[in-house]
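These are the residues of each chain, in order.
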Amino acid sequence: MLQRKMFYSALKGSLSILLVGTVLGGFLNQELIRASMNGELLKKIGQKQMADLKYKSDEIPFIVLKEAKKIFDERGAVFLDSRSSADYRDSHIQGARELPLVSLVQNRDLADKIIPDKTTPYIVYCSGEGCDLSVELAKELISRGYFNIKVLGEGYPGWAEARYPVEPSR
Amino acid sequence: MQESKKQYIFLAFRFLIGGTFLYAGVEKILSPFDFAAAIYNYRLFPGPLIGITAAILPWVEAFAGLCLLAGFNTKGAATITTLLLLTFVGLIIISAVRGLDIDCGCFGGVERKVGLQAILEDTVLFIISASILLWGKSVLNPRNLIDKILPRRIEK
């Protein structure tokens, strides 16, 4: 009986906190909620994260999605996936080579095995604007003498959302 | 262990969880857009849910933290903090397994990456929060203070 009373008291107490939080947060952030409902919020987040990523990148050149697709169609560059092996196995840009930053740090010879030619153009990507693995990988490769490196800021999510070729295909 | 000692241990627990949640909530209230971006990075939630969560969750965290600190509605607040911590641990584990290299978004201004350290810290906080919910005795709460003052007045 006492336990049931305590349970209802905790439930009532937690619901009252939820109610206050919902009313206050909802009232004071109406613009944020409206922007998230009409899709503006995701656009704004993407723009801000891209700007932050470029700021972090120390002048490493970026490539926009459409231009990357054009180069992909012309087979003008090798795509490098800097995400984890699990993500790569799950799905990656068609033809991209797996080069996780973590593995490269652990095994310094890995780059020579996977991408022996330092003059080939490479396009590096990771999980999108909020992820800096691609920028870090690009910096690492440039420091090792690869000079034709570009970063695809939109990363795998941007590529997949645009319905460009991925493998395994979805 | 003596009952009074236990009470003061739970008081320390209350202050720890309350302070942590109040701080985390206020940090996010001050920059809801950054918190929305942190939720977006998990790539688990649909667009509309991101804005609503970023708008409401910080206030719930801050209010639950305040209640724990003040000793008001402690069981209700501990229910909220325990469930939230359980959710956070689950989210961080999922993201770590997926190999996401992102900030967990736990505290607005403090960088804290998704990974083993964050999982362990949040698990410890979850255990502490759950212990307040299950066994916590309220000392130093408004009702106790009033009870200590009022009976003397009534005796007179």
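Residues numbered from 1 in each chain as written. Chains lettered and ligands numbered in written order. Predicted model: local features only at pLDDT ≥ 70, side-chain atom pairs only at ≥ 80, totals over all residues.

## What about the overall build of chain B?
Logical step 1: Across its full length, chain B carries six helices and zero strands.
Logical step 2: Overall, chain B shows an N-to-C arrangement of helices and strands of α-α-α-α-α-α.
Logical step 3: Every one of the 156 residues in chain B was classed for burial, and the buried ones make up 42%.
Logical step 4: Across chain B, contacts joining residues at least 24 apart in sequence account for 70% of those joining residues at least 6 apart. (Helix = DSSP H or I, 4+ residues; strand = E, 2+ residues; numbered from the N terminus. Buried ≥ 20, exposed ≤ 12 C-beta atoms within 10 Å, placed from the backbone. Contact = placed C-beta atoms within 7 Å.)

## Comments concerning the interface of chain B and chain A
Logical step 1: Taken together, the contacts link 33 residues of chain B with 36 residues of chain A.
Logical step 2: For the side of chain B that touches chain A, the elements supplying multiple residues, two or more each, are α2 (32-41), α3 (47-70) and α4 (74-97) of chain B.
Logical step 3: Broken down by element, the side of chain B that touches chain A gets its largest block of residues, 14 residues, from α3(B).

## Quick word on the nonpolar core
Logical step 1: The biggest cluster of nonpolar side chains holds 75 residues, and the ones touching the most others in it are Ile123(A), Val124(A), Leu137(A), Ala36(B) and Ala64(B).
Logical step 2: Considering every element that reaches this core, the biggest residue donor is α3(B), with 13 residues.
Logical step 3: Counting the residues that make up this core, at least three belong to each of domain 1 (2-38) and domain 2 (47-167) of chain A.
Logical step 4: Not counting residues within four places of it along the chain, the set of residues in contact with Ala36(B) comprises Leu32(A), Leu41(A), Ile45(A), Ile50(B), Gly51(B) and Ala54(B). (Core = buried A, V, L, I, M, F, W, Y, C linked by C-beta atoms within 7 Å. Domains from an automatic or database assignment.)

## Here we look at helix α5 (residues 116-135) of chain B
Logical step 1: The terminal C-alpha atoms of α5(B), which comprises 20 residues, lie 28 Å apart, in line with the 28 Å expected from a rise of 1.5 Å per residue.
Logical step 2: Within the sequence span of α5(B), burial applies to Ala118(B), Asp122(B), Leu125(B), Phe126(B), Ile128(B), Ser129(B), Ile132(B) and Leu133(B). (Expected span 1.5 Å × (residues − 1).)

## Quick look at the confidence of the model for chain B
Residues and elements named next belong to chain B.
Logical step 1: Residues at a pLDDT of 70 or more form 83% of chain B, whose mean pLDDT is 85.
Logical step 2: Mean pLDDT values for the elements of chain B range from 63 in helix α6 (residues 142-155) up to 94 in α3.
Logical step 3: Note on the complex model: pTM 0.72, ipTM 0.82. (pLDDT = per-residue confidence, 0-100.)

## A few points about the sheet that holds strand β5 (residues 122-125) of chain A
Two pairing modes exist for strands in a sheet, parallel and antiparallel, and in both the strands are linked by backbone hydrogen bonds.
All names here are of chain A.
Logical step 1: Read from one edge to the other, the open sheet built from five strands follows the order β1-β6-β5-β2-β4, with strand pairing classed as parallel. Edge strands, defined here as strands with exactly one partner in the open sheet, are β1 (62-63) and β4 (97-98).
Logical step 2: Judged from the two bridges that link them, strand β2 (residues 78-81) and β4 form a sheet pairing that is parallel. Of the residues in β4, the one forming a bridge with leucine 80 is arginine 97.
Logical step 3: Set on the sheet, helix α8 (residues 133-143) makes contact with β2, β5 and β6 (149-152); between it and β6 the angle comes to about 175°. (Pairing = 2+ DSSP bridges. Axes fitted to C-alpha atoms, helices over the stretch in contact; angles between N-to-C directions.)

## Structural notes on the domain arrangement of chain A
Logical step 1: On domain assignment, one finds that chain A holds domain 1 (2-38) and domain 2 (47-167).
Logical step 2: Relative to domain 2 of chain A, the C-alpha centre of domain 1 of chain A lies at a distance of 42 Å.

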